[in-house]
Amino acid sequence: MAHRTILTERQRAALFDLPSNEAALLRHYTLADDDIEHIRARRRSQNRLGFALQLCVFRYPGRLLTAEDVIPAAVIKFIAAQLGMQAADLEGYAVREETRRDHLIELRAIYGYKMFTGRGARDLKAWLEAESEAARSNEDLARRFVGECRRTLTILPGVSVIERLCADALVAAERRIEARIVERLDAGMRAKLDALLSETVDGGISRFIWLRHFEVGKNSADMNRVLDRLEFLQGLGLTTAALDGIPPHRITRLRRQGERYFTDDLRDISDERRLAILAVCALEWQAAISDTVVETHDRIVGKTWREAKTLCDVRITNAKGALHDTLRAFSGLGAALLEARGDGAPLEAAIATACGWNDLEGLVATAMQLTDTMAADALAYVGQGYHRFRRYAPRMLRALDIQAAPVAAPLIVAARLVVAGAQALDRPTIFLRRGSKWHRHLQAQDPGDHRLWEVAVLFHLREAFRSGDIWLTHSRRYADLKNALVPIAAVQTTPRLVVPFDPADWLADRKTRMAQALERLAAAAKAGAIPGGSIEDGSLKIERLSAAVPAKAEDLVLDLYKRLPDIRITDLLLEVDDATGFTEAFTHIRTGAPCTDKIGLLNVLLAEGLNLGLSKMAEATDTHDYFQLSRLSRWHVESDALNRALAMVIEAQSALRMARFWGAGVTASSDGQFFPTTRQGEAMNLINAKYGNEPGLKAYTHVSDQFGPFATQAIPATVSEAPYILDGLLMNDTGRNIKEQYADTGGFTDHVFAVTALLGFQFIPRIRDLPSKRLYVFDPASIPKELKGLIGGKIREGIITANWPDILRSAATMVAGVMPPSQLLRKFAAYPRQHALAEALKEIGRVERTLFIIEWVLDADMQRRAQIGLNKGEAHHALKNALRIGRQGEIRDRTTEGQHFRMAGLNLLAAIIIYWNTKHLGQAVNHRKSEGLDSPADLLAHTSPLGWAHILLTGEYRWPKS
């Protein structure tokens with residue numbers, strides 16, 4: 001039977017090669033006392049060492065030692081040292097095949113090891129069959145199988161046998177899952193699903209392709225197109241019961257396949273697989289399209305508000321001229337009246353002389369109109385969006401299966417009236433907060449005019465979706481928040497939580513720490529010992545630290561970069577892949593097999609990283625055309641693969657000796673980088689005034705102290721960066737190892753302070769307006785007089801205690817990955833007045849923020865560490881700006897997935913360059929030492945691997961002939 005390859009050479013080596021590093025040797029090859037007794041029972045030294053070696057190899061990696069094996073010298077030396085022997089004593093072992101075979105029999109008898117045969121093999125095959133459904137990849141299943149063999153003391157069969165067993169098990173699992181889904185579909189449903197491939201719409205495309213083309217829109221026409229798809233899927237009548245019990249990652253894999261197949265390709269595959277893919281896509285797209293409807297409504301509301309605000313500002317600006325003229329006229333009139341009064345002359349005559357009664361009436365009317373104009377806010381103009389909303393709102397509200405918390409029940413009642421469209425005289429406003437500005441504007445409306453009221457309902461629906469007061473029954477982003485939180489039992493097994501389960505213990509600890517911190521701050525203020533600052537008249541004054549870079553550091557950097565070889569970006573990619581194997585992360589979405597066309601895959605990744613696009617890359621390379629690159633991109637490049645590849649490069653870079661001069665990999669910074677988009681972004685409410693009038697997106701990137709960009713996310717330019725800090729820290733192992741996280745002012749909120757503290761991260765933001773921030777304490781009455789002016793309020797202990805279980809559940813949910821932390825934090829920040837949990841988190845955040853501010857003020861070293869960390873993050877922007885050479889640096893992809901691929905591809909390319917620079921900078925340091933030139937560690941700490949002048953990024957992309 002032909003060898004079925006499911007693993008790469010690197011993956012096979014990781015599973016079957018003997019360990020050679022010290023940590024692995026200590027873990028796996030340390031002999032116990034009884035082991036040494038059995039070993040010393042052998043007569044000859046070479047037999048004792050050979051027996052010990054076979055025992056260790058049985059234990060790890062768990063296979064037979066063959067005559068062809070080349071044993072690492074470190075392994076022989078480590079085992080021999082424990083026996084008081086020399087590595088040379090192994091010479092001559094197993095010259096006789098019978099000796100090695102006899103030792104094998106003895107080891108099995110003494111330790112219970114068994115071969116992969118008979119009943120044991122059948123049991124392991126049955127175990128493998130059951131385990132295959134839960135396996136996430138070929139390598140994952142192979143690792144599980146090897147681990148089970150070790151646990152059951154079964155000697156591993158050959159690698160080809162393991163690969164064939166795993167491949168067969170994975171195929172069988174896939175077929176079982178497909179059959180399980182199809183069995184739950186009746187004949188009528190199967191016919192409906194198959195019709196998706198034969199029915200054509202919109203000029204000849206199949207209904208299936210039409211359904212999967214949906215994106216967040218910007219206007220009512222886009223909304224109605226999305227609703228067309230949602231209503232069609234709802235009309236199929238397919239229920240989620242079809243996917244009950246199917247592992248989520250299997251559902252995701254089937255959906256991804258459906259998103260990449262063309263209609264003809266789907267017709268050519270087996271019936272069960274085709275129907276399973278169609279069923280999964282229909283259900284998954286229904287949930288995704290529902291989310292898209294909500295998000296599109298969110299953008300339309302935002303667009304309406306922006307237009308209203310612009311109209312309000314324009315009218316105020318236009319009124320300034322008339323206001324000036326009116327004030328000047330009233331000024332002249334007032335002067336005339338005062339003069340007449342002083343002279344004892346009749347006032348009527350003065351009025352007639354100054355402007356006349358008719359003009360005065362006009363001035364008063366103009367003044368009243370100007371008063372209304374200048375006092376108006378944007379809510380006075382949002383009614384202009386009524387017709388836009390009316391074109392889709394009733395249909396949207398009918399299509400969405402909206403559920404509500406009791407606090408949002410009045411809003412749902414109002415939404416039903418919007419759907420009914422009746423001219424009801426009673427239009428309740430109980431869904432509005434008591435102090436809402438909407439009341440004033442609604443009361444000013446004509447009793448028969450319901451338009452502004454409907455707009456108010458639709459505006460508040462957006463806020464309720466954002467906060468989680470209302471939700472969708474089946475949704476990825478807008479599901480019920482309470483159901484999304486992990487159960488309290490799961491909190492007990494969450495290792496990242498660093499707070500006690502009893503809130504009284506946490507409060508007692510924080511009260512003690514805060515009392516001590518306040519005493520230290522008061523003493524420092526009184527003694528004038530605050531580093532670079534002071535507290536005067538109740539106000540904090542603190543100066544920014546100056547840079548402390550040694551003068552010789554720049555000369556060292558220039559010398560090291562002169563020593564780096566010039567290199568083409570194509571050669572750099574190949575060199576880094578040979579060292580790290582990052583291309584192995586891009587497995588086939590259908591089969592899970594590694595990509596065999598490495599050059600083609602690297603072309604695709606380079607096209608993403610340089611922002612060229614596949615068509616331009618096909619013109620610039622001599623190896624692949626557009627259709628070849630498109631196929632590779634469609635079936636191998638996805639978000640998970642990009643994240644895995646990035647993790648491989650970051651891990652390899654952090655292991656390089658040079659990286660240790662920059663840090664230990666336990667601190668990180670995060671920052672957003674703006675990328676302009678096409679003008680389409682303006683209509684989609686993607687403009688942030690901070691970056692001018694240019695629409696765009698932001699790449700929010702986490703960078704370790706070793707310069708590795710270990711996480712990146714594409715986020716709208718208009719949103720706060722703060723909720724995304726936890727995403728980057730929890731999405732991979734590098735982030736979870738971080739102890740101190742630095743961020744700029746945009747990443748600071750009380751909720752982030754709270755959650756980072758709960759999960760054991762030290763959050764250190766650089767707060768721009770720090771002196772204006774107030775301290776919150778448990779007992780304001782006991783505060784030293786020097787600090788009285790800094791106190792902003794009292795911590796509400798009761799709300800923390802009452803919500804403590806849900807606080808812990810929220811943190812555990814973020815760790816478990818059930819819901820991205822940013823999604824939870826955005827909900828908490830959206831409408832905190834109605835969320836006791838959000839309020840409780842804010843109180844915890846105030847405690848942690850107060851402790852941080854005190855520590856920051858007193859600790860100049862903390863300030864310097866944060867500055868260095870943030871500088872590393874900001875330095876990344878220059879490298880990425882140099883890399884995104886295509887399309888004038890604009891992100892022109894309109895789909896969310898395409899935008900993410902651009903950002904993630906750019907981040908991966910930057911990480912690859914950083915790895916190469918780190919490696920070759922280390923070699924340059926060695927060359928300096930060989931020349932007798934000193935490279936002190938304190939100067940090397942000021943170097944960085946972010947240079948690119950020696951890398952040829954443009955031109956034709958030529959690859960070595962294989």
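Residues numbered from 1 in each chain as written. Predicted model: local features only at pLDDT ≥ 70, side-chain atom pairs only at ≥ 80, totals over all residues. Heavy atoms only, no water.

Enquirer: Pulling in residues and values, what's your account of the overall build of the protein chain?
Expert: Each helix and strand in the protein chain was counted, giving 42 helices and 15 strands. Seen through its principal axes, the protein chain has C-alpha atoms that stretch 135 × 80 × 60 Å. The 962 residues of the protein chain split such that 53% are buried. Sequence-distant contacts, at least 24 apart, represent 76% of the contacts inside the protein chain between residues at least 6 apart. Put simply, the protein chain shows about 43400 Å² of open surface, and 52% of that area lies on carbon and sulfur atoms. One way to put it: in the protein chain the 124 positive side-chain charges average out to a point 1 Å from where the 117 negative ones average out. (Helix = DSSP H or I, 4+ residues; strand = E, 2+ residues; numbered from the N terminus. Buried < 20%, exposed > 50% of the residue type's maximum accessible area, 1.4 Å probe, protein only. Contact = heavy atoms within 4.5 Å. Areas by Shrake-Rupley, 256 points an atom, 1.4 Å probe, with all protein chains shown as cover. Lys, Arg positive; Asp, Glu negative; His and termini not counted. Charge placed at Lys NZ, Arg CZ, Asp CG, Glu CD.)

Enquirer: Describe in detail unusual backbone geometry, supporting the description with residues and values.
Expert: Cis geometry marks the peptide bond from Tyr60 to Pro61, where omega comes out at 10 degrees. Tracing the backbone through its elements, the reader meets Pro61 in the loop between α4 (45-59) and α5 (73-82). Phi is positive for Asn611, which is not a glycine, with a value near 60 degrees. Along the chain, Asn611 falls in the loop between α28 (598-609) and α29 (614-620). Unusually for a residue other than glycine, Phe707 sits at a positive phi of about 75 degrees. Counting through the fold element by element, Phe707 comes out in the loop between β9 (696-704) and β10 (709-716).

Enquirer: I'd love a proper account of the packing of aromatic side chains, names of residues and values included.
Expert: Taken as a whole and assessed by the stated rule, the structure comprises 16 aromatic pairs. On the basis of an interplanar angle of 40 degrees and a centroid distance of 5.2 Å, the ring pair of Phe208 and Trp285 is categorised as tilted. Of this pair, Phe208 sits in helix α11 (residues 207-212) while Trp285 is found in helix α15 (residues 271-343), placing the two residues 77 residues apart along the sequence. For the pair formed by Phe208 and Trp285, the shared burial category is buried. Geometrically, the ring pair formed by Phe753 and Phe852 is tilted, given 5.5 Å between the ring centres and 40 degrees between the ring planes. Residue Phe753 is found in helix α35 (residues 750-758), and its partner Phe852 is found in helix α39 (residues 836-858); the two are separated by 99 residues along the sequence. Across the pair, exposure class does not vary: Phe753 and Phe852 are buried alike. Here the guanidinium or amino end of Arg496 rests over the ring plane of Phe761, the centre of that ring lying 4.2 Å away. The ring of Phe707 carries Lys872 above its face, with NZ or CZ at 5.0 Å from the centroid. (Phe/Tyr/Trp six-rings, centres within 6.5 Å; stacked < 30°, edge-to-face > 60°. Lys NZ or Arg CZ within 6 Å of the ring centre and 35° of its normal.)

Enquirer: Report on the side chain of His876, specifying residues and quantitative values.
Expert: Summarising the element assignment, His876 is placed in helix α40 (residues 860-883). With relative accessibility at 2%, the residue His876 sits in the buried group. The contact partners of His876, leaving out residues within four places of it in the chain, are Val703, Phe707, Pro709, Ile914 and Leu946.

Enquirer: Help me get a handle on the side chain of His624, residues and values and all.
Expert: Relative to the helices and strands, His624 resides in the loop between α29 and α30 (626-636). Judged by its relative accessible area of 11%, His624 is buried. Among the polar contacts listed, one links the side chain of His624 to the side chain of Asp597, at a separation of 2.7 Å. (Polar contact = N/O pair within 3.5 Å; in protein donor to acceptor, adjacent residues only side chain to side chain.)

Enquirer: Tell me about the confidence of the model for the protein chain, residues and numbers included.
Expert: In the predicted model, the protein chain carries a mean pLDDT of 88, and the fraction of residues at 70 or more is 95%. Scored below 50 in pLDDT, residues 681-692 makes 32 contacts in the model with residues more than four places away or belonging to other chains. (pLDDT = per-residue confidence, 0-100.)

Enquirer: Can you lay out the environment of Ala414 for me, pointing to particular residues and giving the numbers?
Expert: Mapped onto the elements, Ala414 comes out in helix α20 (residues 409-420). Judged by its relative accessible area of 0%, Ala414 is buried. Distance in space between the C-alpha atoms of Ala414 and Arg631 is 50 Å, their sequence separation being 217 residues.

Enquirer: Please give an account of the packing of α20 against helix α22 (residues 451-467) that cites residues and values.
Expert: The contact between α20 and α22 brings their axes to 10 Å, and the two run at 130 degrees. One element, α20, and the other, α22, form an angle in the oblique class. With respect to the hand of their crossing, α20 and α22 are arranged in left-handed fashion. For the pair α20 and α22, contact is made by Leu411, Ala414, Ala415, Leu417 and Val418 and by Trp453, Glu454, Val457, His460, Leu461 and Ala464, respectively. Its residues placed into classes, the contact of α20 with α22 shows nine nonpolar, one polar and one charged. (Axes fitted to C-alpha atoms, helices over the stretch in contact; angles between N-to-C directions. Parallel < 35°, antiparallel > 145°, perpendicular 65-115°, else oblique. Left-handed = near helix turned anticlockwise from the far one by under 90°. Nonpolar A, V, L, I, M, F, W, Y, C, P; charged D, E, K, R; others polar.)

Enquirer: An account of the layout of surface pockets is needed here, citing residue identities and associated values.
Expert: Empty space among the atoms becomes apparent when a probe as large as a water molecule is rolled across them. Taken as a whole, the second largest pocket spans an internal volume of roughly 780 Å³. Elements with a contribution of two residues or more to the lining of the second largest pocket: β8 (667-676), β9 and α40. With ten residues, α40 is the largest single contributor of residues to the lining of the second largest pocket. Its residues placed into classes, the lining of the second largest pocket shows 14 nonpolar, twelve polar and five charged. (1 Å grid on protein atoms, 1.4 Å probe; cavity = no way out; pocket = protein on both sides within 12 Å on 5 of 7 lines; lining within 4 Å. Points joined across faces, edges and corners; volume = space filled by probe spheres on them.)

Enquirer: With reference to specific residues and values, describe helix α31 (residues 639-655).
Expert: Spanning 17 residues, α31 covers 25 Å between terminal C-alpha atoms, matching the ideal 24 Å at 1.5 Å per step. Taken together, the buried positions of α31 are occupied by Ala641, Leu642, Ala645, Leu646, Val649, Ile650 and Gln653. The arc enclosing the buried residues of α31, seen along the axis, measures out at 165 degrees, which places them on a common side. In α31, the exposed positions angled more than 90 degrees off the buried face are occupied by Glu651 and Ala655. Elements in contact with the buried residues of α31: α27 (569-580), α28, α30, β10, α34 (733-736) and α41 (896-930). (Expected span 1.5 Å × (residues − 1). Arc of directions from axis to C-beta.)

Enquirer: So what's going on with the packing of α40 against α41? Residues and values would help.
Expert: Here α40 crosses α41 at 110 degrees, and the two axes come no closer than 10 Å. With respect to α41, the axis of α40 lies roughly perpendicular. Crossing of α40 over α41 shows right-handed handedness. In this structure, α40 uses His876, Leu879, Lys880 and Leu883 to contact α41, whose residues at the interface are Leu906, Asn907, Leu909, Ala910, Ile913 and Ile914. Per-class residue counts for the contact of α40 with α41 are seven nonpolar, two polar and one charged.

Enquirer: So what's going on with the pairing of strand β6 (residues 539-542)? Residues and values would help.
Expert: Note: strand β5 (residues 533-536) against β6, four bridges, orientation antiparallel. Bridging from a neighbouring strand, Gly533 pairs with Ile542 of β6. Following β5, the chain reverses through two residues before pairing antiparallel with β6; Asp537 in that reversal takes a positive phi of roughly 55 degrees. (Pairing = 2+ DSSP bridges.)

Enquirer: Describe the sheet that holds β8, listing the residues and the values that go with them.
Expert: Strand order in the open sheet made by the five strands is β10-β9-β8-β11-β12, with mixed pairing throughout. Taken across any chain shown, the strands that pair with only one partner, and hence form the sheet edges, are β10 and β12 (762-765). The sheet shows a mean angle of 25 degrees between the axes of neighbouring strands, taken without regard to direction. Sheet analysis places β8 next to strand β11 (residues 740-743), joined by four bridges and oriented parallel. Bridge pairing links Thr667 to Glu740 in β11. Lying over the sheet, α40 contacts β8, β9, β10, β11 and β12, oriented at roughly 35 degrees with respect to β8.

Enquirer: Provide a residue-level description of the environment of Gln369, including the pertinent values.
Expert: Relative to the helices and strands, Gln369 is located in helix α17 (residues 357-375). For Gln369, a relative accessible area of 54% gives the class exposed. Spatially, the C-alpha atom of Gln369 lies 56 Å from that of Lys511, the residues being 142 residues apart in sequence.

Enquirer: Describe in detail the pairing of β9, supporting the description with residues and values.
Expert: Across the nine residues of β9, nine count as buried, placing the element largely inside the fold. Both β8 and β9 contribute to a ladder of nine bridges, which runs antiparallel. Counted as the bridge partner of Gln673 is Ala699 from β9. Sheet analysis places β9 next to β10, joined by seven bridges and oriented antiparallel.

Enquirer: Tell me about the pattern of salt bridges, residues and numbers included.
Expert: Opposite charge on two side chains lets them pair, provided their charged atoms get close. Taken as a whole and judged by the stated rule, the model has 64 salt bridges. Among the ionic pairs, Arg143 bridges to Glu139, the shortest N-O distance being 3.2 Å. Of this pair, Arg143 and Glu139 both sit in helix α8 (residues 138-151), four residues apart, which is roughly one turn of the helix. Of the residues examined, Glu139 reaches a relative accessible area of 23% and is grouped as partly exposed. It is possible to trace a salt-bridge network through shared partners that takes in Arg796, Glu839, Lys842, Glu843 and Arg846. (Salt bridge = Lys/Arg side-chain N within 4 Å of Asp/Glu carboxyl O.)

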